[in-house]
Amino acid sequence: MKLKKMSACLLAAMAVLFSLPLGASAMSEEEVKAPSAVLMEAQTGKVLYEKNDHEQRACASITKVMTLLLVMEAIDSGKIGMDDTVTASEHAASMGGSDIWLEPGESMTVDDMLKATVIASANDAAVALAEYVAGSEDEFVAQMNQRAKELGMKDTVFKNVNGLDEDGHVTSAYDIALMSKELIKHKKIYDYTKTWMDNVRGGKTQLVNTNKLLKSYKGITGLKTGTTGKAGSCISATAERDGVSLIAVVLGSSSTSDRFKAASTLLDYGFANWSVVKPQIPPEANVPIVVENGMNAVVEPNVNSNESILVPKGKAGDVKSKVSLNSEIRAPVEEGQVLGKITYSLNNEVLKESEIRAKKAVEAITFTSAFFLLLRLAMMDP
């Protein structure tokens, strides 16, 4: 019986080991003290560690990641401006939990409301921003849920903009990583998430960041903490080192210290085991491509040389590349048209696919174009 148990344990361990890319060490569930967690690489969206990452749970103020995403998108689109004045409604001022004690009718700029929402996790400021963007919190929540669908967040239903406990207000560690990945595309958000202390009301109200990793973790860039009785202690932590950008989400920790420790453990694991490299473009990807029935016989390929791939540390030299062209390339060819792809793989696992596009357009041969071409050639004869 003991032999059978030992064999089963060995097989399980081997299954975990061989499911990992070569070069990445395994990490046990016990090392992350939280019921649900995920580690994602931000550029590729690749999941590097998961623990009940699709389990639906309350997430407290991590909800504000989506609130902030919609606000940043409204700013980038020109719908609202950083210097716009936001006036707190009775509803916004009535929020409990963490807040900046907005009075009904009190006004602040969008910039100051963002400071309060991000740094101090102010529930009242979050609602005030939502109402300013969408007219009401209900309409803003509808937009949050629509945006969640667009991002592929299948485990999420938002009921409010700030994450106060409410029946049916749920998400998952994986979904939080998805919306965090989208938010940090807006680099302006780092002006707030990387700030330890600031103030509003002309210095009368001091703001201290709820993310204590800002003081203790190398490369930390954000992102959002949250705590309620239903959700426990939660965090979406973002960090960057040596070109690697990571998102560590921890849900349901029993204490704030466990939350920060779990996030640090996940980030440490990612930085210790993974690196981002620029793959070498295979020579055949730069060879002119034959075009049928074109005014030019070939088209010059255009390959993005700035793309990067995520690989286990020490394995960059083992990455294989394969060029595949579309089966038939006929004129007319438009500038930027996809002609094929380069597939980068490691141990038969596809790491990335890069498109090969047409550098210039190629017109199709017509009777008229062929006539004038022959005429030009005839005139060139001595």
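Everything numeric in this text was worked out from a predicted model, so none of it was measured.

> Describe the overall build of the protein chain, with residues and values.
Counting secondary structure elements, the protein chain contains 10 helices and 17 strands. Counting only contacts in the protein chain whose residues sit at least 6 apart along the sequence, the fraction spanning at least 24 positions is 63%. Element-wise, carbon and sulfur atoms account for 52% of the exposed surface of the protein chain, whose accessible area totals about 18900 Å².

> A description of the nonpolar core should follow, citing residues and the corresponding values.
Judged by nonpolar contacts, the single largest core of 67 residues is most densely connected at Met66, Leu114, Phe140 and Met179. Sorting elements by how many residues they give to this core places helix α2 (residues 64–76) first, with 9 residues. Look past the residues within four positions of Met66 in its chain and what remains in contact with it is Met144, Arg147, Ala148, Leu151, Met153, Phe158 and Met179. Membership of the second largest hydrophobic core comes to 27 residues, among which are Tyr49, Tyr217, Ile235 and Val244.

> Report on the environment of Ser327, specifying residues and quantitative values.
Looking at the element boundaries, Ser327 is found in the loop between β15 (320–325) and β16 (338–346). Separated by 13 residues in the primary sequence, Ser327 and Gly340 have C-alpha atoms spaced 8.8 Å apart.

> Kindly report on the sheet that holds strand β13 (residues 301–303), identifying the contributing residues and their values.
Ordered in space as β13-β17-β16-β15, the 4 strands form an open sheet in which the pairing is antiparallel. The strands lining the two open edges of the sheet, one partner per strand, are β13 and β15. The average angle at which neighbouring strand axes cross in this sheet is 30°, direction not considered. As paired strands, β13 and strand β17 (residues 349–358) are joined by 3 bridges and run antiparallel to one another. Its bridge partner being in β17, Asn302 is matched across the sheet by Arg357.

> Please set out the packing of aromatic side chains residue by residue, giving values where relevant.
For the structure shown, the criterion picks out 0 aromatic pairs. Sitting over the face of the ring of Tyr190, Lys194 holds its NZ or CZ atom 5.9 Å from the ring centroid. When the ring centre of Phe260 is taken as origin, the NZ or CZ atom of Arg259, which lies over that ring, is 4.6 Å away.

> How would you sum up the pattern of salt bridges? Please name residues and give values.
Under the definition given, this model contains 15 salt bridges. With its nearest N and O atoms 3.1 Å apart, the salt bridge here joins Arg147 to Glu150. Note that Arg147 and Glu150 are positioned in helix α6 (residues 137–150) at a spacing of 3 residues, about one turn of the helix. Look at Arg147 and you get buried, because its relative accessible area is 15%. Between Glu355 and Arg357 there is a salt bridge whose closest N-O contact spans 2.4 Å. Since its relative accessible area comes to 39%, Glu355 is described here as partly exposed. You can call Arg357 partly exposed: its relative accessible area is 32%.

> Before we move on, could you go through the packing of helix α4 (residues 110–119) against helix α5 (residues 123–134) and cite the residues and values that matter?
At a closest axis distance of 8 Å, the pairing of α4 and α5 adopts a crossing angle of 140°. When the interaxial angle is binned, α4 and α5 end up oblique. The two elements α4 and α5 cross, and the hand of that crossing is left-handed. Within the contact between the two elements, α4 uses Val110, Met113, Leu114, Ala116 and Thr117 and α5 uses Ala125, Ala126, Ala128, Leu129 and Tyr132. Residue composition of the contact of α4 with α5, grouped by class: 9 nonpolar, 1 polar and no charged.

> Quick one: what's the story with the confidence of the model for the protein chain, residue by residue and with numbers?
In regions of low pLDDT, the predicted coordinates are not meant to be interpreted in detail. Confidence in the prediction for the protein chain averages 90 pLDDT; 89% of positions are at 70 or higher. Residue range residues 1–23 is modelled with pLDDT below 50. Its contacts to residues more than four positions away, or to other chains, number 13 contacts.

> Explain helix α9 (residues 256–273) to me, and be specific about the residues and the numbers.
Along an α-helix, residues three or four positions apart point the same way, because every turn accommodates 3.6 residues. Given a rise of 1.5 Å per residue, 18 residues ought to cover 26 Å, and the 26 Å separating the end C-alpha atoms of α9 matches this to within 8%. Those residues of α9 not exposed but buried are Arg259, Phe260, Ala262, Ala263, Ser264, Thr265, Leu266, Leu267, Tyr269, Gly270, Phe271 and Asn273.

> Give a detailed account of the side chain of Asp99, specifying residues and quantitative values.
Along the chain, the position of Asp99 falls in the loop between α3 (90–93) and β4 (107–109). The buried charged residue Asp99 lacks any salt bridge, with Arg201 as its nearest oppositely charged partner at 8.0 Å. Every residue in contact with Asp99, bar those within four places of it in the chain, is listed here: Ala122, Asn123 and Asp124.

> Provide a residue-level description of α5, including the pertinent values.
The end-to-end C-alpha distance of α5 is 17 Å, a good match for the 16 Å that 12 residues give at a rise of 1.5 Å each. A large share of α5 lies buried, amounting to 11 of its 12 residues. Listed in full, the buried residues belonging to α5 are Asn123, Asp124, Ala125, Ala126, Val127, Ala128, Leu129, Ala130, Glu131, Val133 and Ala134. Buried positions along α5 lie against α2, β3 (85–87), α3, α4 and α6.

Basis of the calculations
Residues numbered from 1 in each chain as written. Predicted model: local features only at pLDDT ≥ 70, side-chain atom pairs only at ≥ 80, totals over all residues. Heavy atoms only, no water. Helix = DSSP H or I, 4+ residues; strand = E, 2+ residues; numbered from the N terminus. Contact = heavy atoms within 4.5 Å. Areas by Shrake-Rupley, 256 points an atom, 1.4 Å probe, with all protein chains shown as cover. Core = buried A, V, L, I, M, F, W, Y, C linked by side-chain atoms within 4.5 Å. Buried < 20%, exposed > 50% of the residue type's maximum accessible area, 1.4 Å probe, protein only. Pairing = 2+ DSSP bridges. Axes fitted to C-alpha atoms, helices over the stretch in contact; angles between N-to-C directions. Phe/Tyr/Trp six-rings, centres within 6.5 Å; stacked < 30°, edge-to-face > 60°. Lys NZ or Arg CZ within 6 Å of the ring centre and 35° of its normal. Salt bridge = Lys/Arg side-chain N within 4 Å of Asp/Glu carboxyl O. Parallel < 35°, antiparallel > 145°, perpendicular 65-115°, else oblique. Left-handed = near helix turned anticlockwise from the far one by under 90°. Nonpolar A, V, L, I, M, F, W, Y, C, P; charged D, E, K, R; others polar. pLDDT = per-residue confidence, 0-100. Expected span 1.5 Å × (residues − 1). Lys, Arg positive; Asp, Glu negative; His and termini not counted.

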